[in-house]
Amino acid sequence: EPGCVERTRLARTQFPCLGMRRSNNTTGERNMKKRTLLAGVAASALASMAFAGSHGDGPVTAGFVYVGPIGDGGWTYQHNQGRLAVEAEFGDQVETIFQESVPEGADAERAITQMALQGADIIFTTSFGYMDPTINVAEKFPNVKFEHATGYKTADNVATYDARFYEGRAVIGTIAGHMTESNQIGYIASFPIPEVIQGINSAYLHAKKVNPDVEMNVVWVYTWFDPAKEADAAKALIDNGVDVIMQHTDSTAPQAAAAEAEGTVYTFGQASDMGEYAPAPRISSIIDEWSPYYIERVRAVLDGTWESQRHWGGIPEGEVVIGEISDVVPEEVRAEAMAMRDAIAAGEYHPFTGPINRQDGTPWLIEGEIATDEQLLGLNFYVEGITGDIPN
């Protein structure tokens, strides 16, 4: 049935989806039978909740809930590569299940619940909007481990994990500042959350450092994955004179739009390499490498050492990777970008180092001051020089 969870490796068949049928019979006898049936269903569900996540001597079951299709070529594709890496690492010790294209909100809570009822021992929910649904389901399944990507709420059986995407934006922002000829850089933004605002600010600050004439044009599309919206945003930016486009959305549609443009427009792969568009318009990329984290956390379930935590890795941990810089980029620009990547990896440079002012000109970070994680996780303003407003 549509919406069922897909199982891989050891369990090749799908469990039936859960559902309720409405009865049209209104007699007292039938109503009594119906109440008895519902009571039995409720008792069975409670029993399932009590034992969900207890795999005994069998393989660990790791579940993954995805906001987009696994073939999106970006965010979800990379998370799914991490799932496949778990299978390759552990063989028959682990089976994985996943559900793709799950909307954020009530649908997510249903999908996570179903996955827990199907016996998952650990469930990775891979989008910011899954935060509250994850917490809600975790309360009902205390024996299941939950890992929520990019959120901030934890519990005894809920951990969070994220990547410092802003580190990668600093590197590609440096490249963008050098490569633009119109001095107009476009940014296709998904939702106005700190993760996305960090990226916009980091990209702009570093483009501005190498090119003081740079201007940033931000388009909010209110979606993580919608090729049509992403393509329209890219075309609008190009029509307004932008010749370099960055994105915090998941499809390759902006790359395709840039490839079809009359003039030269450069882009950067988002979440995955998007190398099919190299050497141009895609001239480099930010790659999210989730495999090491997924392997580590599943191993912790296997050996009984899993604990709730807050994890935020980046370039030093190998979770944010700069994709190959194509030959379209001059060698001196490539060398400058790689030097920045290496300095971040060595802990010698932080992309948010003062002096940095807020958009209204008031100081945020003084000379030499480095933003704390708390400041970054609550970031809700543009830095000085970016025009326009952040939507609510």
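Cut-offs applied
- Residues numbered from 1 in each chain as written.
- Predicted model: local features only at pLDDT ≥ 70, side-chain atom pairs only at ≥ 80, totals over all residues.
- Heavy atoms only, no water.
- Helix = DSSP H or I, 4+ residues; strand = E, 2+ residues; numbered from the N terminus.
- Buried < 20%, exposed > 50% of the residue type's maximum accessible area, 1.4 Å probe, protein only.
- Contact = heavy atoms within 4.5 Å.
- Areas by Shrake-Rupley, 256 points an atom, 1.4 Å probe, with all protein chains shown as cover.
- Phe/Tyr/Trp six-rings, centres within 6.5 Å; stacked < 30°, edge-to-face > 60°.
- Polar contact = N/O pair within 3.5 Å; in protein donor to acceptor, adjacent residues only side chain to side chain.
- Pairing = 2+ DSSP bridges.
- Axes fitted to C-alpha atoms, helices over the stretch in contact; angles between N-to-C directions.
- Parallel < 35°, antiparallel > 145°, perpendicular 65-115°, else oblique.
- Left-handed = near helix turned anticlockwise from the far one by under 90°.
- Core = buried A, V, L, I, M, F, W, Y, C linked by side-chain atoms within 4.5 Å.
- Salt bridge = Lys/Arg side-chain N within 4 Å of Asp/Glu carboxyl O.

K.L.:
Which residues make up the overall build of the chain, and what are the values?
P.N.:
When helices and strands are tallied, the chain shows eleven helices and 15 strands. Of all 392 residues assigned to the chain, the portion counted as buried reaches 52%. Look at the contacts in the chain between residues 6 or more apart in sequence, and 67% of them connect residues 24 or more apart. Split by element, the accessible area of the chain, about 17200 Å² in all, is 50% carbon and sulfur.

K.L.:
So what about the environment of Glu-109? Which residues, and what values?
P.N.:
With respect to the helices and strands, the residue Glu-109 is situated in helix H3 (residues 106-117). The class for Glu-109 is partly exposed, based on a relative accessible area of 22%. For the pair Glu-109 and Met-131, spaced 22 residues apart in the sequence, the C-alpha separation amounts to 9.7 Å. If near-sequence neighbours (up to four positions away) are discounted, Glu-109 is found in contact with Pro-133, Asn-136, Val-137 and Lys-140.

K.L.:
Please provide a residue-by-residue account of the packing of aromatic side chains, values included.
P.N.:
Remark: the centre distance and the inter-plane angle together describe each pair of aromatic rings, the angle taken between the planes. Under the defined criterion, the tally for this structure stands at 19 aromatic pairs. With centroids separated by 5.1 Å and ring planes inclined at 80°, the aromatic side chains of Phe-64 and Tyr-294 adopt a geometry described as edge-to-face. One end of the pair, Phe-64, is in strand E2 (residues 60-65); the other, Tyr-294, is in helix H9 (residues 291-303), and 230 residues separate them in sequence. For the pair Phe-64 and Tyr-294, one class covers both residues: buried.

K.L.:
Help me get a handle on the side chain of Arg-282, residues and values and all.
P.N.:
Positionally, Arg-282 belongs in strand E11 (residues 282-288). Among the polar contacts made by the side chain of Arg-282, one reaches the main-chain carbonyl oxygen of Glu-324 at a distance of 2.9 Å.

K.L.:
Which residues make up the sheet that holds strand E9 (residues 244-247), and what values do they have?
P.N.:
The six strands are arranged E8-E7-E9-E10-E11-E13 in an open sheet whose pairing can be described as mixed. Unpaired on one side and paired on the other, strand E8 (215-220) and strand E13 (320-322) mark the two borders of the sheet. Neighbour to neighbour, the strand axes of the sheet diverge by 20° on average, direction disregarded. Strand direction decides the pairing type here: E9 and strand E10 (residues 266-271), joined by two bridges, are parallel. The residue of E10 that forms the bridge with Val-244 is Tyr-266. Running over the sheet, helix H7 (residues 227-239) touches strand E7 (184-189), E8 and E9 and is turned about 160° from E7.

K.L.:
How would you explain the packing of H7 against helix H8 (residues 253-260) if you had to name every residue and give the values?
P.N.:
H8 packs onto H7 with a crossing angle of 40° between their chain directions and a minimal axis gap of 8 Å. Taken together, H7 and H8 sit at an angle that is classed as oblique. For the pair H7 and H8, the crossing hand works out as right-handed. Across from Pro-227, Glu-230, Ala-231, Ala-234, Lys-235 and Ile-238 in H7, the residues of H8 making contact are Ala-253, Pro-254, Ala-257 and Ala-258.

K.L.:
Which residues make up the nonpolar core, and what values go with them?
P.N.:
Of all hydrophobic cores here, the largest spans 96 residues; its most connected members are Ile-123, Phe-146, Ile-175, Met-246, Phe-352 and Trp-364. Top contributing element to this core by residue count: helix H5 (residues 165-179), with eight residues. Excluding anything up to four places from it in sequence, Trp-364 contacts Phe-352, Ile-356, Asn-357, Arg-358, Glu-369, Ala-371, Gln-375, Leu-376, Leu-379 and Phe-381.

K.L.:
Could you give an account of the pattern of salt bridges, naming the residues involved and the relevant values?
P.N.:
Scanning the entire structure with this criterion turns up eleven salt bridges. Across the salt bridge formed by Glu-87 and Arg-83, the nearest N and O atoms sit 3.3 Å from each other. Here Glu-87 pairs with Arg-83, and both are found in helix H2 (residues 75-90), just four residues apart, close to one helical turn. Residue Arg-83 is classed as buried on the basis of its relative accessible area of 4%.

Any functional reading would require information that these geometric values do not contain.
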